[in-house]
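# Chains, contacts and geometry: an overview
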Amino acid sequence: MADIALLDQDTINQIAAGEVVERPASVVKELLENSIDAGATAVTAEIKDGGIGLIRITDNGSGIRQNQIRTAFLRHTTSKIRTASDLTALKSLGFRGEALSSICAVARVELITKTRGELSGSRYLIEGGEERKLEEIGCPDGTTFLVRDLFFNIPARLKFLKSPMTEAGYIHDLVERLAVSHPDIAFTLIQNGRTLLHTSGNRNMKDVLYQIYGRDITSQLVPVSYEEDGASVSGYAGRPVISRGNRNFENYFINGRYIKSPILMRAIEDAYKPYTMTHKYPFTALHLTIDTAAMDVNVHPTKLEVRFSDSEFIYRLTERAVSRALSGLNLIPAVKPGTDAPAARPEYKKEDIPEPFERKRLGQAAKGSGTSAMAFPLPAQAKDTEIGKVQEILAQPAAYLPSILREKPESEIHQKETPSPVPVPVQEVLPFCEKPDYRIVGQIFSTYWLVEVDDELYIIDQHAAHEKVLYEKTMKTLREKEFLSQTLSPPIILTLTPREEGVLAVHKGSLERLGFEIEPFGGREYCVTAYPADQFGIAGRDLLIELLDSLAEEALTGTADIILEKIASLSCKAAVKGNHTLSGEEAKSLIRDLMTLENPYHCPHGRPVLISMSRHEIERKFKRIV
């Protein structure tokens, strides 16, 4: 065993910095919180290269006196508290006294500051924890921090950062939440010379929400105001119609502090449970005001975790506040003509664009193929030069996949028949049905189909089966790069958050290859003039928003495979549901398509598509066999 030795101060500083400074967003968070604690009414955050190259935080707060600048960069020095007892009555966001020492240990830091009572300001340079210069300069009241070359002396930490666009996305989220939690402060966010966010600081929270989330979200907000036992909840909750596919829009703050709490998350989602679908999450911007003695924020250096002395009360307070805001509202979503369907489709009747199972019934026989094909009408706006190829793709899969099951009257099911002279490829035969003879017994519980094959009874989940068929069909089309666009008239106007803009910037080329046509429309609004055709009736707006939501949670690497998987998964939402009665022809079409798949046993989410029971086992159950 090696000798035990005291670490040098530089190593200690870097280890401690790792607890506070995990990424550029950590630096921005600590410095912005210091600006808020300093009484600033205007704060500007500027970043370059995702904050890795430069972070500049400027405020008009109280500033730092020159004789205290060196002390401010020492570990565990703070103006926020004096003794441990102060931790139970915290009024400030910062209090640990670790931020500045941790930041200067892993970056090149320049501080420019001046208090209102001093005639001149100060400029202080410190790199990697070592002081370089302290001098007097002329500057306005307030403080400016410039943090350059983050992790320049820790290459391992630098290597594990994500792309500049991803790191910038984390900073965007942070600044937005601070702006919502402090509507009395004017926040400005600048990235690579471009202003992404500017709030007025007029104390109107709804104005801040409008600046961040745009018109569509803000128009669907309802006020929240509730008080119980000296604690209160105020803010806004979104109508269920603006729910999203992730929790990025669940914002909640306690005494002005942004936190992450499973208790509050559960309370909010439980309040929305009667109004939203599963795997959909609401929009909230809630301010909780509670006694500081009833919570402990000294849990983790990042100060994102909070412990409550009475968790049940906090849950009840939040759940009741949101429930009462939603109760009694008219939550019937208003449908505007042309917003939920492509503009070209109203000129067709419903029967002209049938569901996948109906295409075969209404189709005409394909010449020379011996199979049924659907003459699916090509929308006028579909864009592809090879019209014949387009028709083939849009047709029922049976039009271009070999037929592997013969449809025969039930009276002929068990009759001997000469095998077809054309061999059927092994990979196209569903293993549970190696013989072409089968009989559909019927449907039970409006969900499951019973199929008899020789001495086996198969039970097929129609929803899981249809999901698998749609998923594989979509993935095949996407991988073969047979993409079509459906023009929208009028176009869709979307207001994106800065992080969503970052996702769009990274993946715009891949989205365009899939069939989306997206152009800037001024500010943070974007005009969507076309989206992928034949997406099984999924509204173009919903498709794009869910894609952006999903991709925002991924590493923004620009990998096209991620988008292919996401869009194929979304197509599964169009699968026929349980408790839906299908016709016999629809069931035959579904089974036929299922048997063209290499792996028909599980849906894209892993649930079984079919189960089987042998005749032997059935006879054992009825005691025919002992």
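First, a word on scope: everything that follows refers to the structure included in this document. Because the structure is a prediction, the values reported are computed rather than measured. (Residues numbered from 1 in each chain as written. Predicted model: local features only at pLDDT ≥ 70, side-chain atom pairs only at ≥ 80, totals over all residues. Heavy atoms only, no water.)

Now for the overall build of the protein chain. Check the secondary structure of the protein chain and you find 17 helices and 24 strands. When each of the 626 residues of the protein chain is scored for burial, the buried share is 48%. Of the contacts made within the protein chain by residues no fewer than 6 positions apart, 70% connect residues no fewer than 24 positions apart. (Helix = DSSP H or I, 4+ residues; strand = E, 2+ residues; numbered from the N terminus. Buried < 20%, exposed > 50% of the residue type's maximum accessible area, 1.4 Å probe, protein only. Contact = heavy atoms within 4.5 Å.)

Another point: helix H7 (residues 205-218). Given a rise of 1.5 Å per residue, 14 residues ought to cover 20 Å, yet the end C-alpha atoms of H7 are separated by just 11 Å, more than 12% below that figure. Ile212 marks where H7 bends most, by close to 100°. Taken together, the buried positions of H7 are Met205, Val208, Leu209, Ile212, Tyr213, Gly214, Ile217 and Thr218. (Expected span 1.5 Å × (residues − 1). Bend = angle between axes of the 7 residues up to and from the residue.)

Before going further, it helps to examine the packing of aromatic side chains. Working definition: an aromatic ring pair is given by the centre-to-centre distance plus the angle between the planes. Scanning the entire structure with this criterion turns up 6 aromatic pairs. Centre to centre, the rings of Phe73 and Tyr124 are 5.3 Å apart; their planes meet at 45°, and the pair counts as tilted. Within this pair, whereas Phe73 is found in the loop between helix H3 (69-72) and helix H4 (99-105), its partner Tyr124 is found in strand S4 (residues 121-127), the two being separated by 51 residues in sequence. Each ring, one from Phe73 and one from Phe145, has its centre 6.3 Å from the other, and the planes form 55°; the classification is tilted. In this pair, Phe73 sits in the loop between H3 and H4 while Phe145 sits in strand S6 (residues 142-148), placing the two residues 72 residues apart along the sequence. Taking the relative accessible area as the measure of exposure, Phe73 reaches 6% and is therefore buried. (Phe/Tyr/Trp six-rings, centres within 6.5 Å; stacked < 30°, edge-to-face > 60°.)

What follows concerns the packing of helix H8 (residues 262-272) against helix H9 (residues 311-326). Running from amino to carboxyl end, H8 crosses H9 at an angle of 30°, the nearest separation of the two axes being 8 Å. One finds that H8 runs roughly parallel with respect to H9. Here H8 and H9 pass one another in a crossing that is right-handed. In this structure, H8 contributes Ile263, Leu264, Arg266, Ala267, Ile268, Asp270, Ala271 and Tyr272 to the contact, and H9 contributes Ser311, Ile314, Tyr315, Thr318, Glu319, Val322, Ser323 and Leu326. Considered class by class, the residues forming the contact of H8 with H9 number 10 nonpolar, 3 polar and 3 charged. (Axes fitted to C-alpha atoms, helices over the stretch in contact; angles between N-to-C directions. Parallel < 35°, antiparallel > 145°, perpendicular 65-115°, else oblique. Left-handed = near helix turned anticlockwise from the far one by under 90°. Nonpolar A, V, L, I, M, F, W, Y, C, P; charged D, E, K, R; others polar.)

So, on to the side chain of Thr284. Structurally, the position occupied by Thr284 is in strand S13 (residues 284-289). Residue classification places Thr284 among the buried residues on the basis of a relative accessible area of 0%. In contact with Thr284, not counting residues within four places along its chain, are Tyr236, Ala237, Phe249, Glu250, Asn251, Ile268 and Tyr272.

Right, let's get into the sheet that holds strand S5 (residues 130-137). With respect to topology, 8 strands assemble into an open sheet ordered S5-S4-S3-S6-S2-S1-S7-S8, the strand pairing being mixed. Two strands close off the open sheet at either side, each with one partner strand: S5 and strand S8 (194-198). In this sheet, neighbouring strand axes are inclined to one another by 10° on average, regardless of whether the strands run parallel or antiparallel. Relative to strand S7 (residues 186-191), strand S1 (residues 42-48) runs parallel, the two sharing 6 bridges. The partner of Thr44 across the bridge, within S7, is Thr188. Contacts from helix H6 (residues 164-181) reach S1, S7 and S8 within the one sheet, and its direction differs from that of S7 by about 170°. (Pairing = 2+ DSSP bridges.)

What follows covers H9. End to end, H9 covers 23 Å across 16 residues, agreeing with the expected 22 Å (1.5 Å per residue, within 8%). Buried within H9 are the following residues: Phe313, Ile314, Tyr315, Leu317, Thr318, Ala321, Val322, Ser323, Ala325 and Leu326. Looking at the buried side of H9, the elements it contacts are strand S9 (221-228), strand S10 (231-238), H8, S13 and strand S15 (307-308).

Tallied over the entire structure, the rule returns 7 cavities of 30 Å³ or more. Considering only enclosed or pocket space, the second largest cavity measures out at about 140 Å³ in volume. In this structure, the second largest cavity is lined by 12 residues; those nearest its centre are Asp173, Asn248, Phe249, Thr497 and Arg499. For the lining of the second largest cavity, the secondary-structure elements that each account for two or more residues are H6, helix H13 (498-514) and helix H14 (540-552). Here the element with the most residues in the lining of the second largest cavity is H6; it accounts for 3 residues. For the lining of the second largest cavity, the residue count by class is 3 nonpolar, 3 polar and 6 charged. (1 Å grid on protein atoms, 1.4 Å probe; cavity = no way out; pocket = protein on both sides within 12 Å on 5 of 7 lines; lining within 4 Å. Points joined across faces, edges and corners; volume = space filled by probe spheres on them.)

Moving on, we get to the sheet that holds strand S20 (residues 456-461). Strand order in the open sheet formed by 4 strands is S18-S19-S20-S24, with antiparallel pairing between adjacent strands. Two strands close off the open sheet at either side, each with one partner strand: strand S18 (439-444) and strand S24 (610-614). Pairs of neighbouring strands in the sheet enclose a mean axial angle of 20°, with direction left out of account. Taken together, the 5 bridges between S18 and strand S19 (residues 448-453) define a ladder with antiparallel strand orientation. Looking at S19, one finds that Gln443 is bridged to Trp449. In the packing of helix H16 (residues 584-594) onto the sheet, contacts are made with S18, S19 and S20, and the angle to S18 comes to roughly 115°.

Counting residues in hydrophobic clusters, the biggest one holds 61 residues, and the most contacted among them are Phe73, Val109, Leu209 and Phe283. The element that contributes the greatest number of residues to this core is H6, accounting for 7 residues. Among all residues touching Leu209, those that are not within four sequence positions of it are Val180, Gly214, Thr218, Leu221, Tyr236, Phe283 and Ala285. In terms of nonpolar packing, the next biggest core, distinct from the first, is built from 31 residues, Val224, Val233, Ile263 and Phe308 among them. (Core = buried A, V, L, I, M, F, W, Y, C linked by side-chain atoms within 4.5 Å.)

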